Amino acid sequence: MNFLRGVMGGQTAGPQPSGAETIQKLCDRVASSTLLEDRRGAVRALKSLSKKYRMEVGTQAMDHLINILQTDRSDSEILGYALDTLYNVISNDEEEEQDENAQKQADDLATQFTEKFIEDPEHITLVLTLLEEFDFHVRWPCVKLLTALLKIQGVQVQGIILVSPMGVSRLMDLLADSREVIRNDGLLLLQQLTKGNAAIQKIVAFENAFERLLDIITEEGSSDGGIVVEDCLLLLLNLLKNNSSNQNFFKEGSYIQRMKPWFEVGDDNSGWSAQKVTNLHLMLQLVRVMVSPVNSPGATASCQKCMYQCGLLQQLCTILMATGVPADILTETINTVSEVIRGSQVNQDYFASVNAPSNPPRPAIVVLLMSMVNERQPFVLRCAVLYCFQCFLCKNQKGQGEIVATLLPSTIDANSISAGQLLCGGLFSTDSLSNWCAAVALAHALQDNLTQKEQLLRVQLATSLGKPPVSLLQQCTNILSQGDKIVRRGSKVQTRVGLLMLLCTWISNCPIAVTHFLHNQDNVPFLTAQISENLGEDERLVQGLCALLLGICIYYNDNSLENYTKEKLKQLIEKRIGKENFVEKLGFITKHELYSRAALKPQPVFPSPEQMLFDHEFTRLVKELEGLITKAVQKSSEEDKKEEEVKKTLEQHDNIVTQYKELIREQDAQIQELKEKVASMTTQTEQLQATVSQQQSQIQQHKDQYNLIKLKLGKENQSQSNNQGDSQVNGLQTEELSQLREELEELRRQQTLLQTQLSEKDALIDSLKSSAQAAEAPAGGSDNAELFQEVEALKNQVQSHLAEIGQLKTERLELLRRAEAGSSSTAPPGDKSSDAAKAALESRLAAQTSEMERLKEGRSELEEQLASATSTVAILQTEKSKLQTEVQESKKEQDDLLMLLADQDQKIHSLKQKLKDLGETVEDEDDIDARDQTSDEEDEDED
């Protein structure tokens with residue numbers, strides 16, 4: 001251990017060994033020592049020497065250190081020393097600044113050692129496995145080592161981690177570590193891991209990275225947080241930028257809504273810290289990533305809709321109009337709002353309704369345009385406002401019309417500043433950058449909108465007092481022709497390039513605007529003179545744009561002006577310029593170095609104002625028109641005639657086709673109308689058929705009912721005819737006989753009633769007589785007198801009833817005589833059959849009377865039997881209910897006894913079992929019975 005003491009700081013006698021020798025001895029000790037403490041001490045010594053002797057330690061000790069990682073997994077201390085040593089060898093984290101050569105050597109050394117380490121992919125897998133160790137001294141060095149490897153050889157290490165089982169998942173677990181140092185360094189590791197690798201980005205996203213990162217941002221204070229929030233935002237940018245799958249996952253997971261609280265700013269926005277500015281800048285970039293113009297249109301539109309619905313756009317507009325916001329944050333906010341509203345009609349309409357908090361309130365667009373044409377504003381801010389205006393007008397014909405309308409005479413308000421006034425002011429100011437921005441902004445108000453191009457021709461400008469107004473088109477060409485005569489601040493060609501781009505956009509695809517332009521006699525000579533001159537390098541772009549403008553006048557010419565028809569203009573080019581020279585000058589536009597830069601993306605980003613020459617939409621127009629103009633100029637007159645004839649023929653064919661299409665549309669409409677009528681008539685027919693079938697069924701039912709009634713009537717008529725034949729006895733009519741029968745029945749009922757009352761009175765008299773006879777003589781003097789009086793009264797009642805009966809009999813005889821008199825009057829005199837009929841009738845009446853008396857007697861007997869039977873049944877039912885009640889009570893008592901017996905048997909059985917468990921001898925009932933039987937047998941034997 002003496003040599004270790006020398007290495008670690010102890011003084012020894014004799015010459016000191018060199019660093020290489022010391023490292024070699026330490027490596028030998030690591031490789032040959034059997035004691036863990038010796039190996040640990042040697043590795044600790046290598047760690048202390050690894051920064052000073054980086055090359056020697058990396059060259060000699062790397063294999064030994066890797067072997068330690070594989071063999072000494074049980075000792076976390078030696079693992080930590082080995083990992084720290086490998087990190088010092090590979091990493092370039094030097095605190096002191098180095099010169100360029102030393103830095104280059106350090107970088108080369110780091111690359112060399114990294115390549116050596118990752119030669120075997122198992123080494124990376126080994127470090128990933130060690131990440132599962134919870135010990136801080138092992139896990140943290142693993143994180144730092146992997147981060148250093150990814151910084152130096154990112155692509156190779158990403159490939160190894162990607163194919164390693166659970167490799168990305170182990171790295172994601174770092175975000176859940178409770179130790180902030182490991183979690184924060186894990187964020188840096190994931191930043192390096194996700195750079196430029198879409199596959200790893202998707203895996204990290206689906207490992208719930210968005211949820212964890214947004215939670216960390218919220219915990220750390222959102223925009224007011226520290227460097228950790230910045231690291232989270234950088235990682236989110238890596239995951240979302242140019243990755244449509246992750247962007248869709250971010251939107252579908254409702255994470256856009258969670259971004260809104262980030263942009264809540266107060267009224268006092270002064271004194272923002274540098275970290276807050278950085279955080280908010282990254283947050284705005286994150287929003288822009290989701291709605292970037294390079295994304296697919298469908299995904300961008302979906303995110304724009306979501307940002308409006310959740311209130312994120314409104315929050316951004318609040319920052320836009322707030323006071324005290326730092327300039328770079330304001331610029332980035334304008335760019336963010338621009339891309340959130342680009343091409344989205346709903347968002348554009350909302351942005352048009354936003355007003356600045358001024359007095360009086362002004363639209364936000366007007367306030368932004370005031371900044372754009374103000375030369376004292378920062379250049380990047382003016383570019384951002386121009387981009388915002390372009391995005392507001394992108395695919396927004398309504399907004400284009402509103403901007404152009406502010407320039408028309410009928411809508412100009414002298415008391416307020418409008419967007420059109422600001423654009424005209426910028427277009428004709430002495431600042432070349434304002435000229436260019438205003439020209440490009442106005443060109444976007446005309447982009448792909450023929451109506452607004454024609455409307456803008458109506459704009460008249462008052463140049464000076466006493467002179468007539470001139471059109472906006474004429475004023476633009478006047479400024480263009482003056483060239484360098486007007487002193488301007490800024491680039492010399494910038495104003496002319498801006499005006500030429502405006503004129504090319506204005507008159508393209510608009511023959512009326514071409515006619516207005518050619519109507520000015522000075523315009524064509526000016527253009528030909530500019531194209532034909534041999535100017536310097538800076539003027540070549542102006543020559544190319546003049547050639548493009550003249551070519552548009554040829555291609556979109558409707559030949560309405562005799563002096564400037566297509567043919568005459570081409571002849572003028574051939575004489576004054578030459579076709580080849582014209583095409584060459586036209587090619588100067590696309591060959592310019594700034595053209596290709598502007599064609600890359602819509603946002604105007606320029607390093608300096610002087611390089612601000614091309615607009616993105618204008619580059620698309622040039623690309624579309626260059627080939628068409630070249631062909632139009634190089635064609636001969638005969639080819640033009642043929643082409644015109646072909647065009648006319650095609651137009652005729654198109655007209656015929658259009659007519660046929662209209663005819664087919666009309667026929668289709670008629671067919672559709674007829675189909676609808678057929679469908680309605682079919683429905684009506686079905687309804688009528690249903691009604692008819694229903695009515696037919698009802699008619700059939702009525703027929704059946706009619707037939708039944710008819711049959712009944714037939715039978716009744718037949719029976720009536722028979723009855724009529726029987727009822728006419730000696731000329732006696734049916735009605736009179738029925739009347740007599742009714743009277744007879746009424747008399748019978750009255751007689752029955754009276755006989756019933758008579759029998760009741762007789763019974764009462766009998767009962768009174770019996771009671772009178774039973775009464776005692778001494779006590780019955782006065783009582784008997786009273787009873788005799790009552791008897792006499794009853795006898796009188798009986799006599800009166802008998803008199804009534806006699807009277808009724810007399811009336812009966814009278815009725816019979818009347819019947820006889822009626823029959824005798826009806827029959828002819830001297831007819832012997834009348835006497836026989838009378839005798840028959842009397843015999844029938846007598847028989848009916850006797851039958852009635854016999855039935856009354858039988859009825860009274862049956863009623864007496866029924867009463868006795870009813871009383872007997874009632875007595876039997878009462879006895880039966882009593883017996884049933886007694887049976888139920890006996891059954892219940894029997895059940896209760898059975899339950900008690902069962903409980904007793906159970907208790908006896910449990911007690912016997914307890915006695916058996918205690919060792920007592922208990923005899924069962926079977927044993928007792930057997931013993932009793934044997935004793936009985938013995939007694940019998942003895943007997």
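Here the structure is a predicted model, which means the values were calculated and not measured.

What counts, and where the lines are drawn
- Residues numbered from 1 in each chain as written.
- Predicted model: local features only at pLDDT ≥ 70, side-chain atom pairs only at ≥ 80, totals over all residues.
- Heavy atoms only, no water.
- Salt bridge = Lys/Arg side-chain N within 4 Å of Asp/Glu carboxyl O.
- Helix = DSSP H or I, 4+ residues; strand = E, 2+ residues; numbered from the N terminus.
- Buried < 20%, exposed > 50% of the residue type's maximum accessible area, 1.4 Å probe, protein only.
- Phe/Tyr/Trp six-rings, centres within 6.5 Å; stacked < 30°, edge-to-face > 60°.
- Contact = heavy atoms within 4.5 Å.
- Core = buried A, V, L, I, M, F, W, Y, C linked by side-chain atoms within 4.5 Å.
- pLDDT = per-residue confidence, 0-100.
- Polar contact = N/O pair within 3.5 Å; in protein donor to acceptor, adjacent residues only side chain to side chain.
- Patch = residues over 30% accessible without salt bridge, like charges linked within 9 Å, V, L, I, M, F, W, Y side chains within 5 Å.
- Areas by Shrake-Rupley, 256 points an atom, 1.4 Å probe, with all protein chains shown as cover.
- Lys, Arg positive; Asp, Glu negative; His and termini not counted.
- Charge placed at Lys NZ, Arg CZ, Asp CG, Glu CD.
- Axes fitted to C-alpha atoms, helices over the stretch in contact; angles between N-to-C directions.
- Parallel < 35°, antiparallel > 145°, perpendicular 65-115°, else oblique.
- Left-handed = near helix turned anticlockwise from the far one by under 90°.
- Nonpolar A, V, L, I, M, F, W, Y, C, P; charged D, E, K, R; others polar.
- Disulfide = S-S within 2.5 Å.

**Let's talk about the pattern of salt bridges**
- Summed over the entire model, instances satisfying the criterion amount to 20 salt bridges.
- When the shortest N-O distance is used, the salt bridge between Arg 40 and Glu 77 registers 3.6 Å. Of the two residues, Arg 40 sits in helix α3 (residues 36-49) while Glu 77 sits in helix α5 (residues 76-90), which places them 37 residues apart along the sequence.
- Judged by relative accessible area, which is 17%, Arg 40 ranks as buried.
- For Lys 47, the salt bridge identified is with Asp 84, shortest N-O distance 3.4 Å. In this pair, Lys 47 sits in helix α3 while Asp 84 sits in helix α5, placing the two residues 37 residues apart along the sequence.

**Points about the packing of aromatic side chains**
- By the definition in use, this model includes 11 aromatic pairs.
- Summarising the aromatic geometry, the rings of Tyr 308 and Tyr 350 are spaced 5.9 Å apart at their centres and angled 65° between planes, so their arrangement reads as edge-to-face. Of this pair, Tyr 308 sits in helix α17 (residues 297-309) while Tyr 350 sits in helix α20 (residues 345-353); the two residues are 42 residues apart in sequence, bridging distant segments of the chain.
- On the basis of relative accessible area, Tyr 308 is assigned to the partly exposed category, the value being 28%.
- Summarising the aromatic geometry, the rings of Trp 436 and Phe 606 are spaced 6.3 Å apart at their centres and angled 85° between planes, so their arrangement reads as edge-to-face. Within this pair, whereas Trp 436 is found in helix α25 (residues 432-445), its partner Phe 606 is found in the loop between α35 (593-598) and α36 (616-634), the two being separated by 170 residues in sequence. There is no split in this pair, since Trp 436 and Phe 606 are both buried.

**Brief notes about helix α28 (residues 492-507)**
- Within α28, 15 of the 16 residues are buried, leaving the element largely enclosed by the surrounding structure.
- Positioned one or two residues after α28, Asn 509 has a phi angle of 60°, which is positive.

**Points about unusual backbone geometry**
- The phi dihedral of Asn 242 is positive, around 60°, even though this residue is not glycine.
- Structurally, the position occupied by Asn 242 is in the loop between α14 (227-240) and α15 (244-252).
- For Asn 242, a relative accessible area of 64% corresponds to the exposed category.
- Backbone geometry places Asn 509, a non-glycine residue, at a positive phi of 60°.
- Residue placement: Asn 509 occurs in the loop between α28 and α29 (511-519).

**Some thoughts on the environment of Gly 80**
- Note on placement: Gly 80 falls in helix α5.
- On the basis of relative accessible area, Gly 80 is assigned to the buried category, the value being 5%.
- Residues contacting Gly 80, with those up to four places away along its chain left out, are His 137, Val 138 and Pro 141.

**Some thoughts on the nonpolar core**
- Core analysis: the largest hydrophobic core is formed by 209 residues, its most contacted members being Phe 117, Ile 124, Leu 171, Phe 263, Phe 351, Trp 506 and Leu 548.
- Per-element accounting of this core gives the leading share, 12 residues, to helix α22 (residues 379-393).
- With residues up to four places along the chain from it excluded, the contact list for Phe 117 reads Met 62, Ile 66, Leu 86, Ile 90, His 123, Ile 124, Val 127, Leu 145 and Leu 149.

**Here we look at the confidence of the model for the chain**
- In this model, the chain carries an average pLDDT of 81, and 77% of its residues clear a pLDDT of 70 or more.
- Long-range and interchain partners of residues 726-733, a stretch whose pLDDT sits below 50, account for 10 contacts in this model, where long-range means more than four residues apart.
- Ignoring residues within four places in sequence, the model shows residues 823-834, a span with pLDDT below 50, making five contacts including any to other chains.

**Notes on the side chain of Gln 348**
- Within the secondary structure layout, Gln 348 lies in helix α20.
- At 3.3 Å, the side chain of Gln 348 forms a polar contact with the backbone oxygen of Ile 341.
- Excluding residues that lie within four positions of it along the chain, Gln 348 makes contacts with Ile 341, Arg 342, Gly 343, Cys 391, Phe 392, Cys 394, Lys 395 and Asn 396.

**Some thoughts on the environment of Pro 326**
- With respect to the helices and strands, the residue Pro 326 is situated in the loop between α18 (312-321) and α19 (327-341).
- In this structure the C-alpha to C-alpha distance between Pro 326 and Val 277, which are 49 residues apart in sequence, comes to 7.9 Å.
- With residues near it in sequence (within four places) discarded, Pro 326 still touches Trp 272 and Val 277.

**Brief notes about a negative patch on the surface**
- A surface patch of like charges, here negative, comprises Glu 886, Glu 889, Glu 893, Asp 895 and Asp 896.
- Along the chain, Asp 896 turns up in helix α40 (residues 833-917).

**Some thoughts on the side chain of His 444**
- Looking at where His 444 falls in the secondary structure, it is placed in helix α25.
- Judged by its relative accessible area of 7%, His 444 falls in the buried class.
- Those residues within four positions of His 444 in sequence are excluded, and the remaining contacts are Gln 390, Leu 393, Gln 400, Asp 615 and Glu 617.

**Focus on a nonpolar patch on the surface**
- Side chains of Ile 656, Tyr 660, Leu 663 and Ile 664 sit close together on the surface and give an oily, nonpolar patch of about 380 Å² of accessible area.
- Relative to the helices and strands, Ile 664 is located in helix α37 (residues 637-727).
- Accessibility expressed as a relative area gives 45% for Ile 664, which makes it partly exposed.

**Some thoughts on the packing of helix α24 (residues 419-427) against α25**
- In the contact formed by α24 and α25, the axes pass within 7 Å of each other and the chain directions differ by 135°. On the basis of their axis angle, the class for α24 and α25 is oblique. Once α24 is placed against α25, the crossing between them reads as left-handed. Here Leu 423, Gly 426 and Leu 427 of α24 lie close against α25, whose contacting residues are Ser 434, Asn 435, Ala 438, Ala 439, Ala 441 and Leu 442.
- Residue composition of the contact of α24 with α25, grouped by class: six nonpolar, three polar and no charged.

**A word on the state of the cysteines**
- Scanning all chains against the criterion turns up zero disulfides.
- Among the cysteines around Cys 553, which has no disulfide bond, Cys 504 carries the closest sulfur, lying 8.4 Å off.

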